[in-house]
Amino acid sequence: SQELEQSPQSLIVQEGKNLTINCTSSKTLYGLYWYKQKYGEGLIFLMMLQKGGEEKSHEKITAKLDEKKQQSSLHITASQPSHAGIYLCGALTSDSGTYKYIFGTGTRLKVLA
Amino acid sequence: SQTIHQWPATLVQPVGSPLSLECTVEGTSNPNLYWYRQAAGRGLQLLFYSVGIGQISSEVPQNLSASRPQDRQFILSSKKLLLSDSGFYLCAWSPGPGETQYFGPGTRLLVL
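Let me sum up the structure you'll find in this document.

1. Some words on the sheet that holds strand 7 (residues 61-65) of chain A
All names here are of chain A.
- On the basis of which strands lie adjacent, the open sheet formed by 5 strands has the order 1-3-8-7-6 and antiparallel pairing. Where the open sheet ends on each side, the last strands, each with one partner, are strand 1 (4-7) and strand 6 (55-58). Direction aside, the axes of adjacent strands within the sheet are offset by 15° on average.
- Taken together, the 4 bridges between strand 6 and strand 7 define a ladder with antiparallel strand orientation.

2. Focus: a nonpolar patch on the surface
- On the surface, V12(B), L110(B) and L112(B) cluster together to form a nonpolar patch covering roughly 280 Å² of accessible area.
- Residue placement: V12(B) occurs in strand 2 (residues 10-13).

3. Some details on the interface of chain B and chain A
- Taken together, the contacts link 21 residues of chain B with 18 residues of chain A.
- Between chain B and chain A, the buried area comes to about 1400 Å², and carbon and sulfur atoms account for 58% of it.
- The largest per-residue losses of area from chain B upon contact with chain A belong to G98(B), T100(B) and F103(B), which jointly make up 31% of the total buried on that side.
- Where chain B meets chain A, there are 0 salt bridges.
- Where chain B meets chain A, there are 5 residue pairs in polar contact (both at pLDDT 80 or more).
- For the side of chain B that touches chain A, the secondary structure elements donating two or more residues are strand 4 (32-39), strand 5 (43-52), strand 9 (87-94) and strand 10 (102-103) of chain B.
- Here the residues of the side of chain B that touches chain A sort into 9 nonpolar, 9 polar and 3 charged.

4. Some remarks on the pairing of strand 7 (residues 65-70) of chain B
All names here are of chain B.
- Looking at chain direction, strand 7 and strand 8 (residues 73-78) are connected through 4 bridges and run antiparallel. Bridge pairing in strand 8 places Q70 opposite Q73.
- Turn length for the strand 7-strand 8 hairpin, with the two strands adjacent in sequence and antiparallel, is 2 residues.

5. Quick word on the nonpolar core
- Formed by 23 residues in total, the largest nonpolar core has its most connected members in L4(A), L19(A), L32(A), W34(A), L74(A), Y87(A) and L109(A).
- For this core, the secondary-structure elements that each account for two or more residues are strand 2 (10-14), strand 3 (19-25), strand 4 (31-37), strand 5 (43-49), strand 7, strand 8 (71-76), strand 9 (85-95) and strand 11 (107-112) of chain A.
- Other than its neighbours up to four places away in sequence, L4(A) contacts C23(A), T24(A), S25(A), L29(A), C89(A), G90(A), A91(A), I102(A), F103(A) and G104(A).
- Listed in part, the 20 residues of the second largest apolar core include W35(B), W93(B), L109(B) and V111(B).

6. Here we look at the state of the cysteines
Residues and elements named next belong to chain A.
- Per the counting criterion, the structure on display carries 2 disulfides over all chains.
- Note that C23 is cross-linked by a disulfide to C89, the S-S spacing being 2.0 Å. For the disulfide bridge between C23 and C89, the dihedral angle about the S-S bond is near 75°, and by the sign convention the bridge is right-handed. Placement of the pair is C23 in strand 3 and C89 in strand 9, with a sequence separation of 66 residues. The two residues C23 and C89 agree in class, both being buried.

7. Considerations on the sheet that holds strand 8 of chain B
All names here are of chain B.
- Judged by pairing direction, the sheet is antiparallel, and its 4 strands sit side by side in the order 1-3-8-7 without closing on themselves. Taken across any chain shown, the strands that pair with only one partner, and hence form the sheet edges, are strand 1 (3-7) and strand 7. Pairwise comparison of adjacent strand axes, ignoring direction, gives a mean angle of 20° for this sheet.
- Both strand 3 (residues 19-26) and strand 8 contribute to a ladder of 6 bridges, which runs antiparallel. Among the inter-strand pairings, S20 is bridged to a residue of strand 8, identified as S77.

8. Side note on the packing of aromatic side chains
- Under the defined criterion, the tally for this structure stands at 14 aromatic pairs over all chains.
- An aromatic cluster is present here, built from Y33(A), Y35(A), F45(A), Y101(A), F103(A), Y34(B), Y36(B), Y49(B), W93(B), Y102(B) and F103(B) joined pairwise through their rings.

9. Re the side chain of R68(B)
All names here are of chain B.
- Secondary-structure assignment places R68 in strand 7.
- In this structure R68 comes out as buried when scored by relative accessible area, which is 2%.
- Among all residues touching R68, those that are not within four sequence positions of it are N30, P31, N32, L33, S50, V51, G52, I53, G54, I56, Q73 and F74.

Definitions and limits used
- Residues numbered from 1 in each chain as written.
- Chains lettered and ligands numbered in written order.
- Predicted model: local features only at pLDDT ≥ 70, side-chain atom pairs only at ≥ 80, totals over all residues.
- Heavy atoms only, no water.
- Pairing = 2+ DSSP bridges.
- Helix = DSSP H or I, 4+ residues; strand = E, 2+ residues; numbered from the N terminus.
- Axes fitted to C-alpha atoms, helices over the stretch in contact; angles between N-to-C directions.
- Patch = residues over 30% accessible without salt bridge, like charges linked within 9 Å, V, L, I, M, F, W, Y side chains within 5 Å.
- Areas by Shrake-Rupley, 256 points an atom, 1.4 Å probe, with all protein chains shown as cover.
- Salt bridge = Lys/Arg side-chain N within 4 Å of Asp/Glu carboxyl O.
- Contact = heavy atoms within 4.5 Å.
- Buried area = accessible area lost by both parts, 1.4 Å probe.
- Polar contact = N/O pair within 3.5 Å; in protein donor to acceptor, adjacent residues only side chain to side chain.
- Nonpolar A, V, L, I, M, F, W, Y, C, P; charged D, E, K, R; others polar.
- Core = buried A, V, L, I, M, F, W, Y, C linked by side-chain atoms within 4.5 Å.
- Buried < 20%, exposed > 50% of the residue type's maximum accessible area, 1.4 Å probe, protein only.
- Disulfide = S-S within 2.5 Å.
- Phe/Tyr/Trp six-rings, centres within 6.5 Å; stacked < 30°, edge-to-face > 60°.

From the geometry alone we can't say anything about function, so treat these as descriptive.
The structure is reproduced here in structure tokens:
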């Protein structure tokens, strides 16, 4: 099973609707990163969360890291076609005292105009 | 500001041929550098990372190798490509270990 689970795997919403993507880890997170990717392109960094309870916003995208630092949610308000793409969460965890980066498999978002 | 480049953007190679993918970072010094492979539905797999010139750590045994001949240059190579080497290769950099990673535009490799 994946160390970092994203849900849902795919999402189709009507323009203007709100949506939430979740990212859950089986390990304590020392950093949680959200990226956006368009098909065939690189990952664009959106935001990073570190502290339990932290919340950050970038335009209409808000991300939160829960208090226990094992889950994050990405919320898009009033979605637009420009929000379409693949959203990936990445995390910094520790494995036997060594930092380790892990990634979810992504959530594919389609916004219908 | 920092930028990261990957070359080429797309590559079609026959089985058994050599490979060289290049990644360069501008606007920073002594970055940590990473090579990932992204497979559909399987997330990103870390292949190699480097904390300095000539220092390469391999995460998974495979048909590929990496080198860092200069501070801001990271190269992914193979002597003989396999069909299973096809995929989307991403290079990333971070200011230091455990810090945010910033990704390049990727190289799509198709081995026929």
